[in-house]
Amino acid sequence: MASVTSLSDSVQQHLASALSAALPEAADADPLLRRSDRADYQANGILALAKKAKANPRELATQVVSQVVTGDVIADIEVSGPGFLNITVADKAITENLAARYADEAGRLGVPYAESPGTTVIDYAQPNVAKEMHVGHLRSAVIGDALVQLLEFTGETVVRRHHIGDWGTQFGMLIQYLDEHPHELDHKAREVTGEEAMSNLDHLYKAARRLFDSDEEFKTRARRRVVDLQAGDPRTLAMWQKFVDESKIYFFSVFEKLDMEIRDADIVGESGYNDMLAETCRLLEESGVAVRSEGALCVFFDDIKGPDGNLVPLIVQKSDGGYGYAATDLSAIRDRVFNLKANSIIYVVDARQSLHFKMVFETARRAGWLNDDVKAYQLAFGTVLGKDGKPFKTREGETVKLVDLLDEAVERASAVVREKAQDLSEEEISERGAQVGVGAVKYADLSTSANRDYKFDLDQMVSLNGDTSVYLQYAYARIRSILRKAGDVQPAAHPELALHEAERALGLHIDGFAEAVAETAAEYAPHKLAAYLYHLASLYTSFYDKCPVLKAETSEQVENRLFLCDVTARTLHQGMALLGIRTPERL
Ligand code: ARG
């Protein structure tokens with residue numbers, strides 16, 4: 001079973017052919033069909049067309065109406081106001097459409113693949129080696145993972161890249177420090193891995209940083225050590241590798257907590273581009289995109305100035321020959337465009353790095369690596385704020401560790417699950433608690449548009465009322481429970497039955513799933529899918545309030561309502577999965 005033509009597309013087609021019959025010059029015109037409160041759909045496009053054709057809009061609308069073929073899909077169409085069209089879809093068409101979606105064996109609910117999918121590289125979940133992950137890394141991971149799922153669902157080839165911070169000055173500093181204080185890590189790190197080892201590394205990092213900032217001679221030794229590292233000195237490299245390996249164990253443990261699949265092969269950190277850096281600089285210098293300025297290799301931009309009014313360049317190579325963040329990112333672009341054959345590259349990175357990406361992208365465009373066919377885009381996300389509206393910090397003013405935050409979310413969620421639990425074992429409570437808690441954190445992040453700051457408020461996140469994942473998960477579990485209670489009675493579509501208003505609203509919204517997915521994927525805007533799902537759950541709730549399911553009047557109606565329940569559940573499940581959120585069968 002392939003994709004299902006949505007009702008809105010069928011209505012659109014009916015209208016378009018009626019329109020071109022009534023007004024031949026409007027053959028390709030868009031009737032501007034929208035879902036509407038007054039009827040199922042409203043078409044507002046006639047007004048502009050009439051104006052263009054110097055015709056009376058109401059008259060043109062009436063002509064279009066007379067050309068519309070009613071029956072199968074459109075049950076009723078009428079002119080309203082100055083020349084709008086109000087369209088009512090046949091109950092039968094709604095049920096048949098849902099039945100076709102329900103029968104889709106691929107489990108895609110009839111959602112079509114994109115017409116011309118390409119290759120997208122997504123740069124996300126990029127923590128830094130030897131540092132603990134904080135809430136900022138949460139956003140990149142959560143938003144990036146949702147985009148991966150969404151784009152893959154549309155048929156796009158997605159290459160995941162975790163551009164971890166594993167290269168540069170700080171590693172010279174760390175290695176040199178550890179060399180000079182060999183026991184500092186030793187006595188602590190013995191036998192510990194994962195979170196604890198990482199916490200030790202983090203302390204080591206802070207101690208090294210303090211020394212680096214206060215002791216000029218240490219600074220010089222640390223800088224020399226970076227050169228050793230970049231030149232491939234075996235002992236230095238071996239120490240570096242240890243840091244990386246240790247950190248990765250920790251990263252994986254956090255990603256697992258986040259219920260997220262991160263693959264080792266997709267981790268290509270800054271160090272992965274080391275061999276390209278010199279070439280990148282050469283290409284930029286030879287093409288004149290970058291110029292030497294006081295020994296450094298720089299790219300200048302007319303519109304980017306510092307507070308003193310002077311131009312701020314992107315420094316590709318420092319005057320001491322060292323390469324920084326920009327050189328690595330520019331090399332990564334070359335790799336992604338020329339080796340991975342990307343058509344699009346998305347960077348899920350904090351908005352505070354926007355200037356960096358603006359300059360990097362513009363440089364790559366001048367070099368010809370990016371152009372109209374190969375685009376780069378920073379999906380810049382806002383800051384995570386505390387309840388007080390200020391950047392999220394612990395009471396002591398430190399950045400909040402991601403692990404602590406997830407643990408707390410799971411704890412709170414488990415309390416909610418326990419309170420409502422009727423027939424769940426302790427083991428089930430803790431499993432559901434994790435799914436609800438992590439889901440709550442992800443949903444809170446994904447349901448606001450990424451560029452906005454958002455308040456990290458656990459009370460609100462695990463609330464059963466309102467726009468939360470818990471609400472959606474309960475809606476799903478409630479449906480599953482009804483289906484279990486139905487016992488031997490199987491869901492079955494009965495297109496001959498007249499539908500209740502609440503059933504129609506639910507059905508038409510389910511029909512809109514494909515459109516919601518397409519829009520969400522095209523705009524890289526997971527919050528649109530979240531809004532769609534929340535609306536779906538609300539429509540289900542009002543259907544459930546108004547239409548008895550197991551106690552419906554006839555056995556056909558029971559089956560048809562069970563069918564509506566099931567197709568809602570599948571849509572919720574699929575939509576939540578695209579956001580990376582679980583839907584437990586029981587809660
Ligand atoms: N590691 C960086 C950080 O923690 C994010 C890397 C973003 N990606 C990139 N290609 N620069 O801020």
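Residues numbered from 1 in each chain as written. Predicted model: local features only at pLDDT ≥ 70, side-chain atom pairs only at ≥ 80, totals over all residues.

K.L.:
Sorry if this is basic, but what is going on with the sheet that holds strand β6 (residues 157-161) here?
P.N.:
Paired through their backbone hydrogen bonds, the strands of a sheet run either parallel or antiparallel. The strand order across the open sheet formed by four strands is β6-β5-β10-β11, and the pairing between neighbours is parallel. At either end of the open sheet lies a strand with only one pairing partner, and these are β6 and β11 (375-381). When strand polarity is set aside, the average angle formed by the axes of neighbouring strands in this sheet is 20 degrees. Inspection of the sheet shows strand β5 (residues 119-123) paired to β6 by five bridges, in the parallel sense. Following the sheet pairing, V121 is matched in β6 by V159. Each of β10 (344-350) and β11 is contacted by helix α13 (residues 354-366), which is oriented at about 180 degrees to β11, the strand it contacts most. (Pairing = 2+ DSSP bridges. Helix = DSSP H or I, 4+ residues; strand = E, 2+ residues; numbered from the N terminus. Axes fitted to C-alpha atoms, helices over the stretch in contact; angles between N-to-C directions. Contact = placed C-beta atoms within 7 Å.)

K.L.:
I'm lost on the site of the ligand in this one. Help?
P.N.:
Taken together, the neighbourhood of the ligand is formed by D123, Q126, N128, H163, G165, D329, A332, Y347 and V349. Sorting the residues of the shell around the ligand by element identifies α12 (325-339) and β10 as the ones contributing at least two each. Classifying every residue of the shell around the ligand gives three nonpolar, four polar and two charged. (Near = placed C-beta within 6 Å. Nonpolar A, V, L, I, M, F, W, Y, C, P; charged D, E, K, R; others polar.)

K.L.:
Where do I start with helix α8 (residues 194-214) in this structure?
P.N.:
Think of an α-helix as 3.6 residues a turn; residues three or four steps apart then line up on the same face. Look at α8: 30 Å from first C-alpha to last across 21 residues, which is about the 30 Å you get at 1.5 Å a residue. Buried residues of α8: M198, L201, L204, Y205, A208 and F212, and no others. One side of α8 holds all its buried residues, which, seen down the axis, span an arc of 115 degrees. Away from its buried face by more than 90 degrees, α8 exposes K206, R210, D213 and S214. (Expected span 1.5 Å × (residues − 1). Buried ≥ 20, exposed ≤ 12 C-beta atoms within 10 Å, placed from the backbone. Arc of directions from axis to C-beta.)

K.L.:
Help me understand the domain arrangement of the protein in this model?
P.N.:
Quite often, the size of an interface is put as the accessible area lost when its parts meet. With domains assigned, the protein is organised as domain 1 (7-89) and domain 2 (402-578). Taking only C-alpha atoms into account, the centre of domain 1 sits 34 Å from that of domain 2. Each partner contributes residues to the interface: domain 1 has four residues there, and domain 2 has four residues. When grouped by side-chain class, the residues that make up the side of domain 1 that touches domain 2 number one nonpolar, one polar and two charged. (Domains from an automatic or database assignment.)

K.L.:
Got a minute to help me understand the sheet that holds strand β7 (residues 291-293) in this structure?
P.N.:
Taking strand neighbours across the sheet as the criterion, the three strands line up as β7-β8-β9 in an open arrangement whose pairing is antiparallel. Edge positions in the open sheet fall to β7 and β9 (314-317), since each of these has one partner strand only. When strand polarity is set aside, the average angle formed by the axes of neighbouring strands in this sheet is 50 degrees. Here three bridges tie β7 to strand β8 (residues 296-299), and the two strands are oriented antiparallel to one another. Along β8, the bridge assignment pairs R292 with L297.

K.L.:
How should I be thinking about the nonpolar core in this particular structure?
P.N.:
Taken as a class, soluble globular proteins show a tendency for nonpolar side chains to be buried jointly. Core analysis: the biggest nonpolar cluster contains 173 residues, and V64, I143, L147, L174, V316, V348 and A440 have the highest contact counts within it. With 11 residues, the top contributor of residues to this core is helix α5 (residues 135-153). Summarising the domain contributions, this core has at least three residues from each of domain 1 (7-89) and domain 2 (402-578). Ignoring any residue separated from it by four or fewer positions in sequence, one finds L174 in contact with A130, L204, Y205, A208 and F243. (Core = buried A, V, L, I, M, F, W, Y, C linked by C-beta atoms within 7 Å.)

K.L.:
Would you explain the UniProt feature "domain: Arginyl tRNA synthetase N-terminal" (unreviewed entry) in the protein in this entry?
P.N.:
This chain's UniProt record puts "domain: Arginyl tRNA synthetase N-terminal" (unreviewed entry) on residues 9-89. In the segment residues 9-89, helix accounts for 41% and strand for 23%; the C-alpha atoms at its two ends are 12 Å apart. (UniProt positions renumbered as here; feature names shortened; annotations may be inferred.)

K.L.:
Is there a simple way to think about the packing of helix α6 (residues 169-180) against helix α10 (residues 234-257) in this case?
P.N.:
Packing of α6 against α10 leaves a shortest axis separation of 10 Å and a crossing angle of 105 degrees. By the criterion of interaxial angle, the relationship of α6 to α10 is roughly perpendicular. Facing α6, whose interface residues are F171, L174, I175 and L178, α10 presents T236, M239, W240 and F243. (Parallel < 35°, antiparallel > 145°, perpendicular 65-115°, else oblique.)

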